Amino acid sequence: DRQTLVAVLQFLRRSNLRESEEILRREARLLGDDLGAAALSPAGAGLLGAPGGDADSGGEALLSRVTAAAAIAIGGSVATVASSSPGVAAVAAVPPGKGEPRAGAAVGSHCMFASSFGMSYKLLLYPNAFAVGGGVVVEDQPDVSAVLSAYNQQGDPTLYEEYYSGLKHFIECSLDCHRAELSQLFYPLFVHMYLELVYNQHESEAKSFFERFHGDQECYYQDDLRVLSSLTKKEHMKGNETMLDFRTSKFVLRISRDSYQLLKRHLQEKQNNQIWNIVQEHLYIDIFDGMPRSKQQIDAMVGSLAGEAKREANKAKVFFGLLKEPEFDVPLDDEDEEGENEEGKPKKKKPKKDSVGSKSKKQDPNAPPQNRIPLPELKDSDKLDKVMNMKEAARRVRLGPECLPSICFYTFLNAYQGLTAVDITDDSSMIVGGFADSTVRVWSVTPKKLRSVKTAADLSLIDKESDDVLERIMDEKTASELKILYGHSGPVYGTSFSPDRNYLLSCSEDGTVRLWSLQTFTCLVGYKGHNYPVWDTQFSPYGYYFVSGGHDRVARLWATDHYQPLRIFAGHLADVTCTRFHPNSNYIATGSADRTVRLWDVLNGNCVRIFTGHKGPIHSLAFSPNGRFLATGATDGRVLLWDIGHGLMVGELKGHTDTVYALRFSRDGEILASGSMDNTVRLWDAVKAFEDLETDDFTTATGHINLPENSQDLLLGTYMTKSTPVVHLHFTRRNLLLAAGAYSSQ
Amino acid sequence: MEPAKMASPKSAPKDAQVMAQILKDMGITEYEPRVINQMLEFAYRYVTTILEDAKIYSSHAKKSSVDADDVRLAIQCRTDQSFTSPPPRDFLLDIARQKNQTPLPLIKPYSGPRLPPDRYCLTAPNYRLKSLQKKVASSAGRITVPRLSVGAVSSRPSTPTLGTPSAQTVSVSAKVGTPVSLTGQRFTVQIPSSQAAVKSATPTTPTVQNVLINPSLIGPKNILITTNVVSSQNTSNESNPLKRKHEDDDDYDNL
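Residues numbered from 1 in each chain as written. Chains lettered and ligands numbered in written order. Predicted model: local features only at pLDDT ≥ 70, side-chain atom pairs only at ≥ 80, totals over all residues. Heavy atoms only, no water.

Student: Is there a simple way to explain the overall build of chain B in this structure?
Tutor: For chain B, the count of helices and strands is seven helices and six strands. Going from the N terminus to the C terminus, chain B shows its helices and strands as α-α-α-α-β-α-β-β-β-β-α-β-α. Within chain B, the fraction of its 255 residues that count as buried is 27%. In the form shown here, chain B has an accessible surface area of approximately 17,600 Å², with 58% of it arising from carbon and sulfur atoms. (Helix = DSSP H or I, 4+ residues; strand = E, 2+ residues; numbered from the N terminus. Buried < 20%, exposed > 50% of the residue type's maximum accessible area, 1.4 Å probe, protein only. Areas by Shrake-Rupley, 256 points an atom, 1.4 Å probe, with all protein chains shown as cover.)

Student: Teacher, can you tell me more about the overall build of chain A here?
Tutor: When its secondary structure is counted, chain A shows 26 helices and 29 strands. When the 746 residues of chain A are sorted by exposure, 55% land in the buried category. In chain A, the share of contacts with a sequence separation of at least 24, taken over all contacts with a separation of at least 6, comes to 62%. Taken as a whole, chain A presents about 32,100 Å² of accessible surface, with 52% of it coming from carbon and sulfur. (Contact = heavy atoms within 4.5 Å.)

Student: Looking at this structure, I do not really get the UniProt feature "repeat: WD" (unreviewed entry) in chain A. What am I missing?
Tutor: Here the UniProt-annotated "repeat: WD" (unreviewed entry) positions come out as residues 412–453, 485–520, 527–558, 569–610, 611–644 and 653–685 of chain A. The span residues 527–558 of chain A is 0% helix and 59% strand, and its two end C-alpha atoms sit 9 Å from each other. (UniProt positions renumbered as here; feature names shortened; annotations may be inferred.)

Student: Looking at this structure, I do not really get the sheet that holds strand 16 (residues 576–581) of chain A. What am I missing?
Tutor: Strand pairing within a sheet occurs via backbone hydrogen bonds; the two strands may be parallel or antiparallel. All names here are of chain A. A sheet is described by the order of its strands in space; here four strands give the open sequence 16-17-18-19, paired in antiparallel fashion. Whereas interior strands pair on both sides, the edge strands pair on one side only; in this sheet they are strand 16 and strand 19 (607–612). Strand-to-strand, the axes of this sheet are offset by a mean angle of 20°, without reference to chain direction. (Pairing = 2+ DSSP bridges. Axes fitted to C-alpha atoms, helices over the stretch in contact; angles between N-to-C directions.)

Student: I'm lost on helix 10 (residues 160–173) of chain A in this one. Help?
Tutor: Every α-helical turn comprises 3.6 residues, leaving residues that sit three or four positions apart pointing alike. Over its 14 residues, helix 10 of chain A extends 20 Å from the first C-alpha to the last, a length consistent with the 20 Å expected when each residue adds 1.5 Å. For helix 10 of chain A, the elements touching its buried residues are helix 11 (176–182), helix 12 (186–199), helix 13 (203–213), helix 17 (257–269) and helix 18 (273–282) of chain A. (Expected span 1.5 Å × (residues − 1).)

Student: Explanation requested: the confidence of the model for chain A in the structure shown.
Tutor: Low-pLDDT portions of the prediction should not be read for the details of their coordinates. All names here are of chain A. Mean pLDDT over chain A stands at 77; residues scoring 70 or higher make up 74%. Segment residues 31–150: pLDDT under 50, and 131 contacts once partners within four positions in sequence are set aside and those in other chains are kept. Note that residues 334–359 has pLDDT below 50 and, in this model, 25 contacts with residues that lie over four places away or in other chains. (pLDDT = per-residue confidence, 0-100.)

Student: Any chance you could explain the nonpolar core here in plain terms?
Tutor: Residues and elements named next belong to chain A. Ranked by size, the top nonpolar core spans 49 residues in total, and within it Phe190, Leu195, Phe209, Leu228 and Val279 carry the most contacts. Among the elements that line this core, the one with the most residues is helix 12, at 11 residues. If we ignore the near neighbours within four places in the chain, the residues touching Phe190 are Tyr164, Phe209, Phe210, Phe213, His214, Gln217, Leu225 and Leu228. (Core = buried A, V, L, I, M, F, W, Y, C linked by side-chain atoms within 4.5 Å.)

Student: Where do I start with the packing of helix 1 (residues 14–25) of chain B against helix 2 (residues 34–60) of chain B in this structure?
Tutor: Helix packing geometry: the angle between the two helix axes and the distance between the axes. All names here are of chain B. Across the interface, helix 1 lies against helix 2 with an axial gap of 10 Å and an inter-helix angle of 105°. One finds that helix 1 runs roughly perpendicular with respect to helix 2. Where helix 1 approaches helix 2, its residues Asp15, Ala16, Met19, Ala20 and Leu23 are matched on the opposing element by Val35, Ile36, Met39 and Leu40. Taken together, the residues of the contact of helix 1 with helix 2 break down into eight nonpolar, no polar and one charged. (Parallel < 35°, antiparallel > 145°, perpendicular 65-115°, else oblique. Nonpolar A, V, L, I, M, F, W, Y, C, P; charged D, E, K, R; others polar.)

Student: Honestly, the packing of helix 10 of chain A against helix 12 of chain A in this entry has me stumped. Any pointers?
Tutor: Residues and elements named next belong to chain A. Between helix 10 and helix 12, whose axes approach to 11 Å, the crossing angle comes to 175°. In this view, helix 10 runs roughly antiparallel relative to helix 12, as classed from their interaxial angle. Contacts between helix 10 and helix 12 involve Tyr160, Tyr163, Tyr164, Leu167, Lys168 and Ile171 from the first element and Phe186, Leu189, Phe190, Met193, Glu196 and Leu197 from the second. Looking at the contact of helix 10 with helix 12, its residues break down into 10 nonpolar, no polar and two charged.

Student: Honestly, the sheet that holds strand 28 (residues 728–731) of chain A in this entry has me stumped. Any pointers?
Tutor: Residue and element names in this part refer to chain A. Taken together, three strands build an open sheet; the order of strands is 3-29-28 and the sheet is mixed. Each end of this open sheet is capped by a strand with a single partner; those strands are strand 3 (407–412) and strand 28. Across this sheet, the average inter-strand angle for adjacent strands is 20°, counted without regard to direction. In this sheet, strand 29 (residues 737–742) lies alongside strand 28 in antiparallel orientation, the contact comprising four bridges. By the bridge assignment for strand 29, Leu729 is matched with Ala739.

Student: Could you clarify how one ought to interpret the packing of aromatic side chains in this entry?
Tutor: Here the distance between the centres and the angle between the planes together describe a pair of aromatic rings. Residue and element names in this part refer to chain A. Evaluation of the coordinates by the stated rule reveals 30 aromatic pairs over all chains. Between Phe190 and Phe209, the aromatic rings sit 5.5 Å apart at their centres with planes inclined by 15°, giving stacked as the arrangement. Residue Phe190 is located in helix 12, and its partner Phe209 is located in helix 13; the two are separated by 19 residues in the primary sequence. The same class applies to Phe190 as to Phe209, namely buried. A network of ring pairs unites the aromatic residues Tyr164, Phe186, Phe190, Tyr194, Phe209, Phe210 and Phe213 as a single cluster. (Phe/Tyr/Trp six-rings, centres within 6.5 Å; stacked < 30°, edge-to-face > 60°.)

Student: I keep staring at the pattern of salt bridges and nothing clicks. Help me out?
Tutor: As a working rule, side chains carrying opposite charge can pair if their charged atoms are close by. For the structure on display, the rule yields 37 salt bridges over all chains. Taking the shortest distance from any N to any O, the salt bridge between B:Arg72 and B:Asp69 comes out at 3.2 Å. You can see B:Arg72 and its partner B:Asp69 sitting in helix 3 (residues 68–82), three residues apart, about one turn around the helix. Looking at B:Arg72, the relative accessible area reads 37%, which means it is partly exposed. Residues participating in the shared-partner salt-bridge network are A:Asp636, A:Arg638, A:Glu652, A:Lys654 and A:Glu709. (Salt bridge = Lys/Arg side-chain N within 4 Å of Asp/Glu carboxyl O.)

Student: Would you mind showing me how to read the interface of chain A and chain B here?
Tutor: The extent of an interface is frequently quoted as the accessible surface area lost upon association of the parts. On the chain B side, the residues contacting the 57 residues of chain A number 40 residues. Surface buried jointly by chain A and chain B totals about 4,300 Å² across both partners, of which 59% is contributed by carbon and sulfur atoms. Linking chain A with chain B are one salt bridge, by the criterion used here. Between A:Glu377 and B:Arg114 there is a salt bridge; the shortest N-O distance is 3.4 Å. Taken together, the connections running from chain A to chain B amount to 13 residue pairs in polar contact (both at pLDDT 80 or more). Elements with a minimum of two residues in the side of chain A that touches chain B: helix 3 (33–52), helix 15 (234–239), helix 16 (241–248), strand 10 (512–517), strand 11 (522–528), strand 14 (554–559) and strand 15 (567–570) of chain A. No other element matches strand 11 of chain A, which puts five residues into the side of chain A that touches chain B. Among the residues making up the side of chain A that touches chain B, the classes are represented as 25 nonpolar, 17 polar and 15 charged. (Buried area = accessible area lost by both parts, 1.4 Å probe. Polar contact = N/O pair within 3.5 Å; in protein donor to acceptor, adjacent residues only side chain to side chain.)

Student: Which parts of the structure should I look at to understand the environment of A:Ser444?
Tutor: All names here are of chain A. Relative to the helices and strands, Ser444 is located in strand 6 (residues 440–444). Each C-alpha atom, one on Ser444 and one on Glu481, is 5.4 Å from the other, the two residues being 37 residues apart in sequence. Excluding anything up to four places from it in sequence, Ser444 contacts Ser429, Leu450 and Glu481. Of note is the side chain of Ser444, whose polar atom sits 3.0 Å from the backbone oxygen of Thr446.

Student: Would you take a moment to explain the pairing of strand 17 (residues 587–592) of chain A for this structure?
Tutor: Looking down a regular strand, the side chains alternate between one sheet face and the other. Residues and elements named next belong to chain A. Across the six residues of strand 17, six count as buried, placing the element largely inside the fold. Where burial is concerned, the two faces of strand 17 agree: the one with Tyr587, Ala589 and Gly591 and the one with Ile588, Thr590 and Ser592 are both buried. Relative to strand 17, strand 16 runs antiparallel, the two sharing five bridges. Residue pairing across strands places Val576 opposite Ser592, the latter belonging to strand 17. As paired elements, strand 17 and strand 18 (residues 596–601) share five bridges and run antiparallel to each other. Residue pairing for strand 18: Ala589 is matched across the bridge by Leu599. The hairpin formed by strand 17 and strand 18 contains three residues between the paired strands, and Arg595 there has a positive phi angle of roughly 70°.

Student: Mind showing me how you'd approach unusual backbone geometry here?
Tutor: One non-glycine residue with positive phi stands out, namely A:Asn414, at about 60°. Mapped onto the elements of the fold, A:Asn414 is located in the loop between strand 3 and strand 4 (419–424). Phi angles above zero are rare outside glycine, and B:Tyr110 is one such case at about 55°. Here B:Tyr110 is to be found in the loop between helix 4 (89–101) and strand 1 (147–152).

Student: Can you walk me through the side chain of A:Ser744 in this structure?
Tutor: Residue and element names in this part refer to chain A. Inspection of the secondary structure assignment puts Ser744 in the segment after strand 29. Exposure remark for Ser744: the relative accessible area of 16% places this residue in the buried category. Leave out the neighbours within four places in its chain, and Ser744 touches Ser723 and Pro725.

As structure tokens, this is what we get:
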């Protein structure tokens, strides 16, 4: 960049454009070395292109586009300049029009902005390519230049405190019913004003502004404010992706029409244009007609980094029903039943049909079509597995408030706080632990040991025609209860068994997701895509697909036979910390450190639901077995329940005092179990929580809920471990609850 | 682990106190005591790197002293190198849009384990055997390269071959001063012949005649001793495959 600047200056000197050169120099210092250089590189590109001739039109087009974009914010004078003669003349014309320093600054800042986004393109040195890249950026973000120019406006910095306290006074004096809603304004306004002061390098004013008003904000924003307090210089803002996203995305507020009118009138009558500008540019006010909300209702829904969700974000149709199970006859050979009949159909019992499949022949309107997304076909081993599943389901204990599950806790000893991930197979035969020393350890929970397939040399010696060939291929000599898998080069943060128990996935801080074979206990594939720590991964309930989410703020959908992801789910403002498949495998829920939960459609990658309400990063998600509801747990200790179809919060379970790391519904959905860092497992009555839902028109239209304070009624039991945080929960097929955690001695 | 014990104010150096204060300001209340050391190390290393770079830049610009611009440039250059941050949001949205436009690929039925093409898997062998050097099969009377090879049981798939050599009488000549190299689990003692071995010849010293394989040797040390006869062309037909096997192993050992 520096070299480009030097080259441009030399060129100008050569062409005797003294004036332009001086102005460029001045702008370079105005914006800072690095920024100015980047700002000038498109200008330089235009200039260099002019004599070069080939990039001429590109440079001119770029300049005109850039200035056109800036003109939106500034106003017509520059545009007329841009439409004049090519390259050099255009640049020469810009400096005279530089009478308002803002024009150049806006152009410069826009280019800086473009360059910061184009950083990954690395196109700054290529005029042609940059013209294209710059063009793309301009078209995608037409309001970005407006955002930046707003940040560039030098409202009097010393008056910021006056503006803010004036607004504060007004809101506190307003009517009770409006006050709660208007108080939502405080936080986004505070952050944006602070960032504006920092960006324009008024450090001392920013600091005193922060000191004065940060205590007024809601308690659940304290973590954000702490991060904000460390951003005191403009350079600090550049490296922080979350803050950059916060700056550019609009904070959504839901305010009733009456309150909004009140606010608008007040802001427009006083000379509070600064605040009005910020409100217009950085905030998105979703107005609804109806009663203003109470503080309690608002508190339940706010907390995320970008405010609440717009109503239309939750309006898309979601197919939350389950896919139909294929029907087939269950072969009967129950050992406890007396008299195995040779014919295969005992006269005493009727053949059991799959209860799910045969009940309704009609298509469930809420279920996705069978072939909406391609799913792997059922193999024979899968069919056998399903048969086993159904047999176990017949012996399942029906849970309820009178019949609570027994809990079997697996404690990992000597893990020294290194246990970072746990998973249990569906039939509860194996348990895997991912550790901070980058190993993945698989244990067998049943007395049957873990066996791997024999080596190729041994396999050539066995009799391939014998009936028990599947037993013979297993190596008895190396059978053990524990198998350790080495391969990752960083702590393993997520593990997941495949439904057919052939594969194991693990994701780690080294940025890869590894597929391990559970038949040879070796690593098969390393999927590289995230270049940053991957926090969670999960196999689809039908196998073949899996999802992973990581520090790069996206979740990716993979298939085991593609080395690149099939879908990328981008939209979160901060790391994706938790990823789960819906039981019908058509949707993926992701929880993030930006305190929202999003539901994505696998078919086209769209975000179909945004759920806000948590006050901390989300660490656990669980879909109910019928696919209609989602339970989420976060660091704030609350478990929130959501209705997927309507996109509403339907329940809030308070009780845990620390992060909820594990959530699981029982097999028929009657009980929700939650495990937390506060060393307890709590059982909640899910049937009661989901009955009597108010889903009248007003609620669905406005998204406002009235949550009953019934956490105590729903709590069925609290079970404490001595000093073991609960990391994983699993209901066996017969509804026994298994829990896992690592003993920590403090 | 014990909860963090702060060093008492008067004994901790000033830098450590500052670092502890920074951690407190950022809201971190529980940390192991060594964290302060690590943070101080990082801070020291980072600052010295930046300042050294800044000195280089300022001397390049022929300035008399380092000023803020040099430091700023040094920081900027180092940031791109050492601290990468995830891609910006609009870039992610862009590539997501591109990726999500392609429909989901259909799944081929009955295709065995569904894995990516082999070059993207980790299933290839990560070793390669060194190619054979064909030993010239010389005429009779000169062949004998009898060897005594010792190996652990588990690595020897040729366990069943124990039976055959023991039936034969072998003649083994020991080489004086052979370095026995223990590589991994097995080691080979190379015993070049000094003379032709015949079935019932009376060899000169130092040779051992008629060594019978004693199966009891296997038990205690878990070391299997197999002796393969590579002798005259009388037995060459049946022992040639054995010979080749040990040639391989021998070369492999020498790598």
